[in-house]
Every structure is written in C-alpha cells, then in structure tokens.
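Take a look at the letters that make up each chain.
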Amino acid sequence: MGGSSPCASCKLLRRRCAKDCIFAPYFPSDDPHKFAIVHKVFGASNVSKMLQELPIQQRGDAVSSLVYEANARVRDPVYGCVGAISYLENQVSQLQMQLAVAQTEILCIQMQQESTQILQDHKLFLLPTNNNLDTISQYLNSASSVIQDPPPLKRESLWT
C-alpha cells in the first residue's frame with residue numbers, strides 16, 4: 001500500500017508495506033482479523049505463493065475461499081469445510097425426505113377427495129328424481145310395447 005497505512009498482513013507481521021505488496025489489495029488495514037485467521041491456518045508464506053501463482057482477476061476469489069476455509073478450520077479443526085458441507089448435505093437429505101412424505105400425504109388426500117366426489121356423483125345418479133323416474137317409466141312403457149305376449153301353446157300329447 002505504500003505511504004499511508006500498512007495492509008493488515010504487514011501490520012500483523014510487523015514489516016514495512018511495499019508498493020507492490022501482494023496482500024494489500026485483499027487484506028485492508030481496517031480488517032486485521034481476516035488476515036490473522038488466514039495466516040494462522042495457512043501461513044503468510046504459503047498464501048503469498050498461492051496468490052503469486054494465480055492471475056490477478058482470480059486472486060480476490062481465492063482470498064475469499066482462503067478466509068472461508070480458515071474460518072471453517074478454526075471452528076472444526078478436523079473436518080473444516082468438509083464438515084460444514086456434510087452437515088448441509090444431511091440437512092438436504094432430511095428435507096427431501098420430509099418433502100416426499102408431504103407430497104405423498106397430499107396425493108393421498110387428493111385421491112380421497114376424488115373418490116368421495118365419485119361416490120357422491122354416483123349417489124346423485126342413483127337417487128330417484130322426477131327426471132329419472134320419467135325416463136325410467138318411458139323406457140319401461142316403450143319396452144313393454146315392443147315385447148308382446150307369446151301365443152298360447154297348444155296341448156298335444158305324444159301318445160295320441
């Protein structure tokens with residue numbers, strides 16, 4: 001950063017901040033904790049090497065990732081980010097199961113409602129109404145006119 005105030009890394013490491021300090025754009029002096037945690041987990045030398053190997057446009061994202069990983073390592077020294085990811089994956093699985101159960105319950109309720117509606121529709125059809133009775137009586141009258149009594153059978157004996 002040069003003249004005015006050193007970056008957080010140079011301040012923590014107690015050195016003079018050069019104009020071309022690789023840490024200055026990513027670790028400003030107003031956020032010293034950001035560099036302190038990254039330095040504690042990865043070391044200033046390693047972070048410097050990582051940043052030098054990356055193109056300038058990718059360094060900001062890399063620093064964000066390093067800060068996130070360092071915070072995760074401080075919270076969970078064994079698993080770090082992997083522990084957080086595993087926890088979130090378990091939560092997603094549990095929520096997916098809850099969603100499947102809820103969808104199944106909705107489907108069951110819909111099927112019950114449909115079957116109830118079908119039963120109600122059939123009951124309405126089967127209940128005698130004036131229209132139904134008129135239709136049935138007309139059908140029976142027309143059927144009776146078509147069906148005629150058969151002619152009487154003659155009684156004949158086989159032995160006569």
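Residues numbered from 1 in each chain as written. Predicted model: local features only at pLDDT ≥ 70, side-chain atom pairs only at ≥ 80, totals over all residues. Heavy atoms only, no water.

Draft legend 1. Up close: the overall build of the chain. Along the backbone of the chain there are six helices and zero strands. Reading the secondary structure of the chain in the N-to-C direction produces α-α-α-α-α-α. Per-residue burial over the chain gives 18% buried out of 160 residues. Nonlocal contacts in the chain, meaning residues at least 24 apart in sequence, comprise 38% of its contacts between residues at least 6 apart. Accessible surface computed for the chain: about 13,200 Å², of which carbon and sulfur atoms make up 59%. (Helix = DSSP H or I, 4+ residues; strand = E, 2+ residues; numbered from the N terminus. Buried < 20%, exposed > 50% of the residue type's maximum accessible area, 1.4 Å probe, protein only. Contact = heavy atoms within 4.5 Å. Areas by Shrake-Rupley, 256 points an atom, 1.4 Å probe, with all protein chains shown as cover.)

Draft legend 2. Inspection of the pattern of salt bridges at higher detail. Per the counting criterion, the structure on display carries one salt bridge. Here glutamate 69 makes a salt bridge to arginine 73, at a shortest N to O gap of 3.0 Å. One end of the pair is glutamate 69 and the other is arginine 73, both in helix α4 (residues 56-75) and four residues apart, which spans about a single turn. Taking relative accessible area as the criterion, arginine 73 reaches 30% and is therefore assigned partly exposed. (Salt bridge = Lys/Arg side-chain N within 4 Å of Asp/Glu carboxyl O.)

Draft legend 3. Structural view of the nonpolar core. Ranked by size, the top nonpolar core spans 21 residues in total, and within it Cys7, Cys21, Phe23, Phe27, Val38 and Leu51 carry the most contacts. At the level of secondary structure, the elements contributing two or more residues to this core comprise α1 (8-13), α2 (32-42), α3 (44-53) and α4. (Core = buried A, V, L, I, M, F, W, Y, C linked by side-chain atoms within 4.5 Å.)

Draft legend 4. Highlighting unusual backbone geometry. One non-glycine residue, arginine 14, lies in positive phi territory at about 55 degrees. Here arginine 14 shows up in the loop between α1 and α2. Classification of arginine 14 by relative accessible area gives exposed; the value is 78%.

Draft legend 5. Spotlight on a nonpolar patch on the surface. There is a patch of nonpolar side chains on the surface, built from Val78, Tyr79 and Val82 and spanning about 330 Å² of accessible area. Within the element layout of this structure, valine 78 appears in the loop between α4 and α5 (81-126). Under the relative-accessibility criterion, valine 78 is labelled exposed at 63%. (Patch = residues over 30% accessible without salt bridge, like charges linked within 9 Å, V, L, I, M, F, W, Y side chains within 5 Å.)

Draft legend 6. Region of interest: the environment of asparagine 46. Here asparagine 46 is to be found in helix α3. A polar contact of 2.8 Å, which involves the side chain of asparagine 46, links it to the backbone oxygen of phenylalanine 42. (Polar contact = N/O pair within 3.5 Å; in protein donor to acceptor, adjacent residues only side chain to side chain.)

Draft legend 7. Structural detail: α3. Taken together, the buried positions of α3 are Ala44, Val47, Ser48 and Leu51. For α3, the angular spread of buried residues about the axis comes to 100 degrees, placing them on one side. Check the buried side of α3 and you find it contacts α1, α2 and α4. (Arc of directions from axis to C-beta.)

Draft legend 8. How the structure looks around the packing of aromatic side chains. A full pass over the atoms with the stated rule returns three aromatic pairs. Where phenylalanine 27 meets phenylalanine 35, the ring centres are 5.1 Å apart and the plane angle is 75 degrees; that geometry is what we call edge-to-face. Residues phenylalanine 27 and phenylalanine 35 agree in their burial class; the two are buried. One aromatic cluster is present, formed by Phe23, Phe27 and Phe35 through successive ring pairs. (Phe/Tyr/Trp six-rings, centres within 6.5 Å; stacked < 30°, edge-to-face > 60°.)

Draft legend 9. Representation of the packing of α3 against α4 in the model. Running from N to C, α3 and α4 point in directions that differ by 150 degrees, and their axes come no closer than 9 Å. As summarised for this structure, α3 and α4 are arranged roughly antiparallel, according to the angle between their axes. Here the hand of the crossing between α3 and α4 comes out right-handed. In this structure, α3 uses Val47, Met50, Leu51 and Gln52 to contact α4, whose residues at the interface are Arg59, Ala62, Val63 and Leu66. Looking at side-chain class alone, the contact of α3 with α4 contains six nonpolar, one polar and one charged residues. (Axes fitted to C-alpha atoms, helices over the stretch in contact; angles between N-to-C directions. Parallel < 35°, antiparallel > 145°, perpendicular 65-115°, else oblique. Left-handed = near helix turned anticlockwise from the far one by under 90°. Nonpolar A, V, L, I, M, F, W, Y, C, P; charged D, E, K, R; others polar.)

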